[in-house]
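Residues per chain, in single letters:
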Amino acid sequence: MTQLTYLVDEICAGVEIYYSGRTGGQYLKTAFILCDDYSELMSKLYLLSENPAWSDRNDRGRFKNYHQVKNQTEALVRAKGTPDRDTIKAIHDRMKGRRDRRNKFFHSADLLDLSVTLRMCLEAFVDLFDYGSLLFDAAWTTAVTGARNLETYELLLRLERDSLSDPALTDKVMAILGQWPRNSSSARKLGIQIAAHPQDLHLRLAVTNGGAALRARLRPLLAGS
């Protein structure tokens, strides 16, 4: 397995944590923090993939901080003349803002109640997927496809993010999931359970057993068709 594959497996775990407590928002802060960590690891992995001699430590042997790593990544994509360098810069700016907020969770006991909204989590994960695609291109797509149910989760995250500005999308997704069997043995008994998009257990089961068939039903919603 490549290092990118290992990282994508970890990202899949973070998304699964998000969807395990989505209804009550129990794990929003946890998922947000993990997503922030993944963005740093992704930048480091990109820098290493471009220059195996690159190190995440400075001359004094200390780890480079988040902003230094992001700045070095940005400098490299500009030096290479990467076509999407401006898009990467915009993603970096948002990621740096999230890192500042994340740090407040740990450096001030007075801010333990600092909240993370559903929108913040969704935008963070969608940026992470876009970032991976921009940095690693086809290798990213291959890694996501091979990581358990991450391809389906990415689709759901994008749909959920889009539903914030188009609420009708939520009903369309719920309609599909409401008809989806919990497993293959119940395929002839569609509709016997009450199912809705926010019900975390049913959603996890639908994703686990839905695979390509479920993605085929959901993807046209993202395309706007």
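All values reported here derive from a predicted model rather than from experimental measurement.

Peer 1: How do you make sense of the side chain of Arg99 when you look at a structure like this?
Peer 2: By secondary structure assignment, the location of Arg99 is in helix H4 (residues 85-107). Exposure remark for Arg99: the relative accessible area of 8% places this residue in the buried category. Those residues within four positions of Arg99 in sequence are excluded, and the remaining contacts are Asp36, Asp37, Glu40, Tyr66 and His67.

Peer 1: What is the right way to look at the packing of aromatic side chains in this model?
Peer 2: Two aromatic rings are characterised by how far apart their centres lie and by the angle between their planes. As enumerated under the stated definition, the model contains five aromatic pairs in all. When the ring of Tyr19 is compared with that of Tyr153, the centres are 5.3 Å apart and the planes differ by 20°; the resulting orientation is stacked. Linking Tyr19 in helix H1 (residues 3-20) with Tyr153 in helix H7 (residues 150-163), this pair joins segments that are 134 residues apart in sequence. Exposure remark for Tyr19: the relative accessible area of 0% places this residue in the buried category. Overall, Tyr153 belongs to the buried group, its relative accessible area being 1%.

Peer 1: Please clarify how the environment of Leu118 should be interpreted in this entry.
Peer 2: Within the secondary structure, Leu118 sits in helix H5 (residues 118-136). For Leu118, a relative accessible area of 26% corresponds to the partly exposed category. Residues Leu118 and Arg161 lie 43 residues apart in sequence; the distance between their C-alpha atoms is 9.0 Å.

Conventions and cut-offs
Residues numbered from 1 in each chain as written. Predicted model: local features only at pLDDT ≥ 70, side-chain atom pairs only at ≥ 80, totals over all residues. Heavy atoms only, no water. Helix = DSSP H or I, 4+ residues; strand = E, 2+ residues; numbered from the N terminus. Buried < 20%, exposed > 50% of the residue type's maximum accessible area, 1.4 Å probe, protein only. Contact = heavy atoms within 4.5 Å. Phe/Tyr/Trp six-rings, centres within 6.5 Å; stacked < 30°, edge-to-face > 60°.

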